[in-house]
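# Close look at the chain arrangement
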Amino acid sequence: MIVDSENTNVGLRHLQAAVTIRDEGSFVRAAEVLNVAPSALTETIRQLETFAGLSLFDRATRPVSPTVDAVGFLDESADLLLRFNNVMTGLRRIGD
C-alpha cells in the first residue's frame, strides 16, 4: 500500500472536528460536543486548513458557516464518518 506522506497528519479526528463545527455552527459548542478545549479544536481545524490550502469556515458569521469551497468536502466527510462508524459497529458485532 502506498501512503501519501502529505496525508499522514490528517485523520478522522480532523474530519470529525470539521463536521461537528458545521453541525453545531460554533467552535465553542463543537468543542463541548467533542469534549475538547476550544483552543485544541481551533488548532485541529488550522492543521486541516493548512493541509487543504483554504479556509473551511467563515468565522465572521454567526453561526459559523462553511465556506463555499468547503461545503462538498464537509458533506463527503460526514458520509465517510458515518460509513466508518457503520464498519466499526459491524466489526464489533462480528467480534461479539
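Report follows, based on the coordinates. (Residues numbered from 1 in each chain as written. Predicted model: local features only at pLDDT ≥ 70, side-chain atom pairs only at ≥ 80, totals over all residues. Heavy atoms only, no water.)

Under the defined criterion, the tally for this structure stands at five salt bridges. Linking glutamate 49 and arginine 59 is a salt bridge whose minimum nitrogen-to-oxygen distance equals 3.0 Å. Taken together, the residues glutamate 49 in helix H3 (residues 38–52) and arginine 59 in the loop between strand E1 (57–58) and strand E2 (65–66) connect sequence positions 10 residues apart. The network of salt bridges with shared partners includes Arg22, Asp23 and Asp75. (Salt bridge = Lys/Arg side-chain N within 4 Å of Asp/Glu carboxyl O. Helix = DSSP H or I, 4+ residues; strand = E, 2+ residues; numbered from the N terminus.)

This paragraph deals with the nonpolar core. What tends to happen in soluble globular proteins is that the nonpolar side chains get buried as a cluster. The biggest cluster of nonpolar side chains holds 14 residues, and the ones touching the most others in it are Ala18, Ile21, Phe27, Leu41, Ile45 and Phe57. If you list the elements that add at least two residues to this core, you get helix H1 (12–24), helix H2 (27–34) and H3. What isoleucine 45 contacts, discounting residues up to four positions off in sequence, is His14, Ala17, Ala18, Ile21, Phe27, Phe57 and Arg59. (Core = buried A, V, L, I, M, F, W, Y, C linked by side-chain atoms within 4.5 Å. Buried < 20%, exposed > 50% of the residue type's maximum accessible area, 1.4 Å probe, protein only. Contact = heavy atoms within 4.5 Å.)

Along the polypeptide, asparagine 85 turns up in helix H4 (residues 71–95). Spatially, the C-alpha atoms of asparagine 85 and asparagine 9 are 21 Å apart, while their sequence positions differ by 76 residues.

The next subject is the side chain of threonine 67. Relative to the helices and strands, threonine 67 is located in the loop between E2 and H4. Relative accessible area serves as the criterion here: at 17%, threonine 67 is assigned to the buried category. Among residues more than four places away in sequence, those in contact with threonine 67 are Ser55, Leu56, Phe57 and Asp58.

Bringing the environment of valine 71 into the picture now. The topology assignment puts valine 71 in helix H4. By relative accessible area, which is 38% here, valine 71 ends up partly exposed. Sequence-wise, valine 71 and glycine 90 are 19 residues apart; in three dimensions their C-alpha atoms are separated by 29 Å.

This part is about the environment of alanine 37. The topology assignment puts alanine 37 in the loop between H2 and H3. When the C-alpha atoms of alanine 37 and alanine 70 are compared, they prove to be 23 Å apart, with 33 residues separating the residues in sequence.

At their nearest, the axes of H1 and H2 sit 8 Å apart, and the two run at 125° to each other. Between H1 and H2, the crossing angle belongs to the class labelled oblique. Pair H1 / H2 crosses with right-handed handedness. Each of Gln16, Ala17, Thr20, Ile21 and Glu24 in H1 lies in contact with H2, whose residues at this interface are Phe27, Arg29, Ala30, Val33 and Leu34. For the contact of H1 with H2, the class distribution of residues is six nonpolar, two polar and two charged. (Axes fitted to C-alpha atoms, helices over the stretch in contact; angles between N-to-C directions. Parallel < 35°, antiparallel > 145°, perpendicular 65-115°, else oblique. Left-handed = near helix turned anticlockwise from the far one by under 90°. Nonpolar A, V, L, I, M, F, W, Y, C, P; charged D, E, K, R; others polar.)

Turning our eyes to something else, we now look at H2. Phe27, Ala30 and Ala31 are the residues of H2 that are buried. Looking straight down H2, one finds its buried side chains confined to an arc of 100°; they lie on one side. Turned more than 90 degrees off the buried face of H2, the exposed positions are Glu32 and Val33. The elements touched by buried residues of H2 are H1, H3 and E1. The backbone nitrogen of valine 28 has a side-chain oxygen 3.2 Å away, supplied by the residue at the start of H2, namely serine 26. (Arc of directions from axis to C-beta. Polar contact = N/O pair within 3.5 Å; in protein donor to acceptor, adjacent residues only side chain to side chain.)

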